[in-house]
Every structure is written in C-alpha cells, then in structure tokens.
Amino acid sequence: MAMSEAGMPQGEKDTTGVRLPLSFEFFPPKTPEGVEKLRGVRQQLYALSPQFCSVTYGAGGSTQEGTFSAVGAILAEGVAAASHFSCVGATRTSVREQLQTLKGMGVKRLVALRGDLPSGYGAGGEFAYASDLVAFIRAETGGDFHIEVAAYPEIHPQSRSAEADLRAYATKVRAGANSAITQYFYNADAYVRFVDEAARMGVDAPVVPGIMPIISSTQLMRFSDACGAEIPRWIRLRLQGFGDDTASIRAFGLDVVTALCEQLVRAGAPGLHFYTMNQSAATTEIVRRLGLA
C-alpha cells in the first residue's frame, strides 16, 4: 500500500490532527500589471500557510526569466518556492547552469518535467524524457533539491497505454524523484486506482492530487481538451446549461471541487496542490470549506 509523506497508508484517513499540506501553483505574469496583481493574490493565499508555492515554465523554457523572477519574489516574501523545470530542447550545459542559478537563489524544490516545445519547433536537446532530467539533477546536485514529477491518473494523452504510462511514472521515481503532483482530474477513483497500481509496482512516493478550481467553463473546456483531462459528462452538461451565468458556474464549481477534495482527503491524499490560475478567491473558499484554513 502506498504511503503518504507523513508515513501513513494513502488509503487511510489521518486522524492525528496534523494539518494537511497545501501548495499553490502560479504562472509567470507577462505584464507589470500582472506582476502586481499576482503579488496581491500571493499575499491572500499565504494566509492559508502553504507548504510551498510553485511557478510554471513555458514551452521550451520560454518563460524562464519570468519564472525565476516570480520564484525569487516568493522566496523574498518568506515562503518556500518550487520552480518548474522542463528539459525539452535543453542541453546538459544549459540545465547545469540553470540548476546553479536556482540553487544560488535558495530554491530547494523543483518540479521536473519533460515539457512542451514551442509551436513550430522539432524535437531536440539532450533529454528525451523527464526521467532523464531527474537522473541528471540527482547526479549533479545530490540531495540539494526535493524533486517533484508529474503523475497522470487519467493517463498521459501521449502514452501508448495505461501500463506504459505507469512504467514511465515508475521510471521517474526510481531515477530520484521524491514525490509527484498529478494532472488535475474530477474523478477521485482514477486517483485512488493510480496510487494503488503504482504501489503494486513497488513505487510508493507520495502522490499529491492536483486540484483545478472551476472558475470559467470555457477556460476549463479549453484546458481540458488541450491536456487530456476528462470532464465527466454530468459536469460538462451542467456547466453548458449555465451558459454565461458566471455566478452559477462558480457556485457549482465550488460545490464540485470541494466534494472532490473531501473524497481525496478521505482516501488518504498526502496533500492538495491547487492550480490557482493566478486567482485566490476560489482556492481560498474551497480550503475554508474543507476546514483547512
């Protein structure tokens, strides 16, 4: 059976009173106004005492400057920060230099990903898979970084099969990853099955579910179609039925995502990682409803 980071089976609920770790993900703003807005969002979410905050990395490292800047701002505000780190199109030399930069900034946690190439680029670089990146980071830096990797309870959209996807995940963990954060999903059974199947393979790294608050139905549909995350038919139809009624969409989304988180907590999830979309209201309300504020 898989174990949580606190050392208890992931299939059992923690009744010790220990607060469930929370983490929040942001994307690097593109404008000065966006930078200022995100600063305010972060301050509101810091009230929830996150274990860390992560910042995404654009295709082919296209947002590296913005990513590292946002990570630096979080660290300066006294909160642990994790930088996303992708390897598509990268060389060992470039990765080595970026690792030294992050280490010098005081970063202790990385989210190691294969990443996507910018549109119009072919495959390239010296790393074919995220597991290659994880192994290289470990070889270069030892235990200096806590390494997170991605997990896909509903199967990576480019994977040949569920079995191949599980093997790819196991390879990343065995290459040196400490834990995983999942792609978002709305079916708790998919998460439980993934954790159980990984455990049967002897892979028991903590798997933290990624949570996507439902703020906009059109945005959610677009993201889900692009990344392969399934929106259950009943949720999709309800969202479509609300039309442009933003208030009803958000109220419904809060109910759905809170109920999902409650299921995951009962299933023994070792934490919750929120994809905030650089907004604070929905995440704050969900955490409050869960009694974790």
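Shown above is the structure to which this text applies.
Draft legend 1. Local environment of the side chain of Thr283. With respect to the secondary-structure elements, Thr283 resides in helix H10 (residues 281-289). Looking at Thr283, the relative accessible area reads 2%, which means it is buried. Setting aside residues up to four positions removed in sequence, Thr283 forms contacts with Phe24, Leu45, Pro213, Phe274 and Thr276.

Draft legend 2. Inspection of the packing of helix H3 (residues 92-105) against helix H4 (residues 130-141) at higher detail. Contact pair H3 / H4: the axes reach a minimum separation of 11 Å and the direction vectors enclose 55 degrees. Overall, the two elements H3 and H4 adopt an arrangement that is oblique. Read as a crossing pair, H3 and H4 show a hand that is right-handed. For the pair H3 and H4, the contacting residues are Arg92, Val95, Arg96 and Leu99 in the first and Leu133, Phe136, Ile137, Glu140 and Thr141 in the second. Here the contact of H3 with H4 is built from residues that sort into five nonpolar, one polar and three charged.

Draft legend 3. Spatial organisation of the side chain of Thr56. On the secondary structure map, Thr56 appears in the loop between strand E2 (52-55) and helix H2 (64-76). Excluding residues that lie within four positions of it along the chain, Thr56 makes contacts with Glu25, Phe26, Phe27, Pro28, Thr63, Thr67 and His84.

Draft legend 4. Molecular detail of the sheet that holds strand E5 (residues 146-151). Pairing within the open sheet is parallel, and its nine strands lie in the order E7-E6-E5-E4-E3-E2-E1-E9-E8. Sheet topology places strand E7 (207-208) and strand E8 (210-211) at the edges, where each strand pairs with a single neighbour. When E8 meets strand E9 (residues 272-275), the two strands line up parallel, connected through two bridges. The residue bridging Gly210 from the neighbouring strand is His273, located in E9. Packing of H2 onto the sheet brings it into contact with strand E1 (22-26), E2 and strand E3 (81-86), and relative to E3 it is tilted by some 165 degrees.

Draft legend 5. Geometry of the nonpolar core. Among the nonpolar cores identified, the biggest contains 86 residues, and Tyr169, Tyr186, Ile214, Leu272 and Phe274 are the most heavily contacted of them. In this structure, Tyr169 is in contact with Val149, Ala150, Ala151, Ala180, Phe194, Ala198, Val203, Ala205 and Val207, ignoring residues within four places of it in sequence.

Draft legend 6. Looking closely at unusual backbone geometry. Positive phi, close to 55 degrees, is recorded for Ser49, a residue that is not glycine. The class for Ser49 is partly exposed, based on a relative accessible area of 48%. One non-glycine residue with positive phi stands out, namely Met277, at about 55 degrees. Secondary-structure assignment places Met277 in the loop between E9 and H10.

Draft legend 7. Inspection of the pairing of E2 at higher detail. Residue alternation in E2 divides its side chains into two sets, Phe52 and Ser54 and Cys53 and Val55, and both sets are buried. Here E1 runs beside E2; their pairing, made up of four bridges, is parallel. By the bridge assignment, Phe26 is partnered in E2 with Val55. In this fold, E1 hands off to helix H1 (residues 32-46), which returns the chain to E2; that crossover is right-handed. Of the pairings in the sheet, the one linking E2 to E3 comprises three bridges and is parallel in character.

Thresholds, definitions, all that
- Residues numbered from 1 in each chain as written.
- Predicted model: local features only at pLDDT ≥ 70, side-chain atom pairs only at ≥ 80, totals over all residues.
- Heavy atoms only, no water.
- Helix = DSSP H or I, 4+ residues; strand = E, 2+ residues; numbered from the N terminus.
- Buried < 20%, exposed > 50% of the residue type's maximum accessible area, 1.4 Å probe, protein only.
- Contact = heavy atoms within 4.5 Å.
- Axes fitted to C-alpha atoms, helices over the stretch in contact; angles between N-to-C directions.
- Parallel < 35°, antiparallel > 145°, perpendicular 65-115°, else oblique.
- Left-handed = near helix turned anticlockwise from the far one by under 90°.
- Nonpolar A, V, L, I, M, F, W, Y, C, P; charged D, E, K, R; others polar.
- Pairing = 2+ DSSP bridges.
- Core = buried A, V, L, I, M, F, W, Y, C linked by side-chain atoms within 4.5 Å.
- Right-handed = clockwise from strand over helix to strand, strands pointing away.

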